[in-house]
Amino acid sequence: MPDSRLTGRPKMPQRSVAERIRDFNEVPVGLPEWAAVDEARRCLQCKKPGCMKGCPVEIDIPGFIGLLAQGKFDAAVAKIKEKNSLPAICGRVCPQEEQCENVCVLGKKGQPIAVGYLERFLADYERDKGIGAPEIPTSNGRKVGIIGSGPSGLTCAGDLAKIGYRVTIFEALHAAGGVLVYGIPEFRLPKAIVAQEVNFVKSLGVDLEVSTVIGKTLTLEDLKDDGYEAFFIGSGAGLPHFMNLPGENLNGIYSANEFLTRSNLMKAFRFPQYDTPIKIGRKVAVIGGGNVAMDSARTALRLGAEEVCLIYRRTKKEMPARIEEAERAEEEGINCMILTNPVRFIGNDNKWLRGVECIQMELGEPDESGRRRPVPVPGSEFVIPVDTLVVAIGQGPNPLLLETLPDLQLNRRGYIVIDEETGATSIPGVFAGGDIVTGAATVISAMGAGKKAARSIDHYLLRK
Ligand SMILES: Cc1cc2nc3c(=O)[nH]c(=O)nc-3n(C[C@H](O)[C@H](O)[C@H](O)COP(=O)(O)OP(=O)(O)OC[C@H]3O[C@@H](n4cnc5c(N)ncnc54)[C@H](O)[C@@H]3O)c2cc1C
């Protein structure tokens, strides 16, 4: 293997800290054309490519990179879109470092190919040029209902539409995209890009009914009466978890779900143009160490907080957030208080938050997640003065739809039980995937589940 191929991975150009913390515009700006082509030329075009095994939506990674290396950008985009209708989203938020790039053979002795940066380059190239209308197959007339418009639902819908089904996505919120619109902030994933990829799925012939809560506005029985023959449930894990600590209902304490939804979906960051203000104090603390915590902390900073800290009970090594995003948060001045856990929240006479009492932690034996269990150090309590706090310690399944389906088998944590091979649930004709099955996971794993379910729905309906 020639040594020059081992290194030379480009760095993602990004806006300066001073500029970016004042607005919600995207932080990374994308590779220039010459850098993308150079990087594509570093690919070894392996005969048995490991990278493809790391991609839950089965993109022909060497195929699109080979075309990009030859300057055939249109063909490269088409190659990606054979398998993935959301490349601009995946190129921005997929944890490639744990997926395709993690199994790139170049990574064994050097630097893996920057697959995500290349995918983003091509998706942005296509957007700048204008996305052409895809070919729509002749409809087979059979109706499939998709509940939820997150990445799992969009993928399942797109794949079924491509083979001729009449697909309708039902979405509870007024905008489509799931976490991509209400959770992940503009500075990581611009909403115009989500809208553009949702529009692409619609252009495949998929109908979208927003502001429709299945289980309330309509039931699956209503949809069956209307001719729907199969369903995919991709309703996500949007129910916030709290810590159940004394003082948690004080004013100034938000769940990350509310905080981010107000900012991203209701556009609080454009107040007063959009009338959904978020009251932010001078000192903000965010509890958690995942992507949701990072997004909340960086949002608080951009909304005007003077100091923002993360409170995390393990060490940086165990943080589940994407490394790139944790580094950006640190660059922006977010102070990370590791091995620290809250024990109670302290308020003033008017019930406004004024501080959080924490305890120092140390790492003990590994727990069921394989990470070392954090253990409190007796007598190490201390108070951090804060006036706003965001709890970002995880989410659970939204029970709304599930409550109306008594025959649907759930596990003890309330997630849907499926057949791993097919995505089939305990109700014939009803399939499920994404966070509502796995618990909070990743965009690409949700998309992979949507793809698998689309295949199974096709098999199921062909036999019916
Ligand atoms: C703040 C945040 C940041 C994240 N960052 C990343 C990241 O950088 N990279 C990454 O890979 N992953 C990230 N994730 C995780 C990722 O976004 C999720 O794993 C993924 O979106 C799950 O997709 P899904 O389709 O299962 O569900 P969701 O995206 O949750 O979509 C579910 C949709 O179903 C709708 N719905 C629910 N119930 C009903 C009903 N009864 N009727 C109709 N509609 C309903 C909801 O309104 C929602 O729109 C992040 C998550 C959060 C919260």
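To be clear, the structure that these remarks concern was listed above.
Note that the coordinates shown come from a computational prediction; the quantities given were computed from them, not determined experimentally.

Conventions we followed
- Residues numbered from 1 in each chain as written.
- Predicted model: local features only at pLDDT ≥ 70, side-chain atom pairs only at ≥ 80, totals over all residues.
- Heavy atoms only, no water.
- Near = heavy atom within 4 Å.
- Polar contact = N/O pair within 3.5 Å; in protein donor to acceptor, adjacent residues only side chain to side chain.
- Areas by Shrake-Rupley, 256 points an atom, 1.4 Å probe, with all protein chains shown as cover.
- Helix = DSSP H or I, 4+ residues; strand = E, 2+ residues; numbered from the N terminus.
- Domains from an automatic or database assignment.
- Salt bridge = Lys/Arg side-chain N within 4 Å of Asp/Glu carboxyl O.
- Buried < 20%, exposed > 50% of the residue type's maximum accessible area, 1.4 Å probe, protein only.
- Axes fitted to C-alpha atoms, helices over the stretch in contact; angles between N-to-C directions.
- Parallel < 35°, antiparallel > 145°, perpendicular 65-115°, else oblique.
- Left-handed = near helix turned anticlockwise from the far one by under 90°.
- Contact = heavy atoms within 4.5 Å.
- Nonpolar A, V, L, I, M, F, W, Y, C, P; charged D, E, K, R; others polar.
- Pairing = 2+ DSSP bridges.
- Arc of directions from axis to C-beta.

Participant: Describe the site of the ligand, listing the residues and the values that go with them.
Facilitator: By nearness alone, 34 residues border the ligand, and V93, S152, E171, R188 and I214 come closest of all. Here V93 contributes a backbone N or O atom positioned 2.7 Å from a nitrogen atom of the ligand. Separating an oxygen atom of the ligand from a backbone N or O atom of V179 is a distance of 3.0 Å. Against a free-state accessible area of 1000 Å², the protein chains account for coverage of 96% of the ligand. Only helix 8 (151-162), helix 13 (291-302) and helix 17 (443-463) provide two or more residues apiece to the shell around the ligand. Of the residues forming the shell around the ligand, the biggest block, 3 residues, is contributed by helix 13. Here the shell around the ligand spans two domains, and each of domain 2 (143-238 + 397-463) and domain 3 (240-395) adds at least three residues to it.

Participant: For the pattern of salt bridges, give the residues involved together with the corresponding values.
Facilitator: On inspection of all chains with the given rule, the structure shows 35 salt bridges. Note that E82 is salt-bridged to K79, the shortest N-O span being 3.5 Å. Judged by relative accessible area, which is 48%, E82 ranks as partly exposed. Judged by its relative accessible area of 21%, K79 falls in the partly exposed class. Among the salt bridges present, the one from R142 reaches E229, with a minimum N-O distance of 2.8 Å. Here the residue R142 occupies a position in the loop between helix 7 (115-129) and strand 1 (143-147), and E229 occupies one in strand 4 (residues 228-233), the gap between them amounting to 87 residues. Taking relative accessible area as the criterion, R142 reaches 21% and is therefore assigned partly exposed. A single network of salt bridges, built from pairs that share partners, joins R20, E97, R298, R302, R322, E324, E325, R328, E331 and E332.

Participant: Lay out the packing of helix 4 (residues 61-69) against helix 7 with the relevant residues and their values.
Facilitator: Their axes nearest at 11 Å, the elements helix 4 and helix 7 cross at an angle of 60 degrees. Here helix 4 is positioned oblique relative to helix 7, judged by the angle of their axes. Of the two elements, helix 4 crosses helix 7, and the hand of that crossing is left-handed. Here helix 4 contributes I61, F64, I65 and L68 to the contact with helix 7, which in turn contributes V115, L118, E119, F121 and L122. For the contact of helix 4 with helix 7, the class distribution of residues is 8 nonpolar, no polar and 1 charged.

Participant: Quick one: what's the story with the pairing of strand 4, residue by residue and with numbers?
Facilitator: Of all 6 residues that make up strand 4, 5 are buried, and the element is covered over most of its length. Pairing between strand 1 and strand 4: 5 bridges, direction parallel. Paired with I146 across the two strands is F232, which belongs to strand 4. Summarising the sheet, strand 4 and strand 16 (residues 430-432) pair through 3 bridges and their orientation is parallel.

Participant: An account of helix 5 (residues 73-81) is requested, with residue identities and associated values reported.
Facilitator: When helix 5 is considered as a whole, its buried residues turn out to be F73, A76, V77, I80 and K81. The buried side chains of helix 5 occupy one side of the element, clustering within an arc of 135 degrees when seen end-on. Elements in contact with the buried residues of helix 5: helix 2 (33-41), helix 4, helix 6 (87-93), helix 7, helix 8 and helix 10 (191-203).

Participant: Hey, could you go over the sheet that holds strand 4 for me, with residue numbers and the actual values?
Facilitator: Taken in spatial order, the 5 strands make up an open sheet running 3-2-1-4-16, and their pairing is parallel. With partners counted over all chains shown, the strands left at the sheet margins are strand 3 (207-209) and strand 16, one partner each. Shown here is a sheet whose adjacent strand axes are inclined to one another by a mean of 20 degrees, direction ignored. Here strand 1 pairs with strand 2 (residues 166-170) via 5 bridges, running parallel. Each bridged residue has a counterpart across the sheet, and for G145 the counterpart in strand 2 is T168. Against the sheet, helix 17 makes contact with strand 1, strand 4 and strand 16, and its axis sits at roughly 160 degrees relative to strand 4, the strand it touches most.

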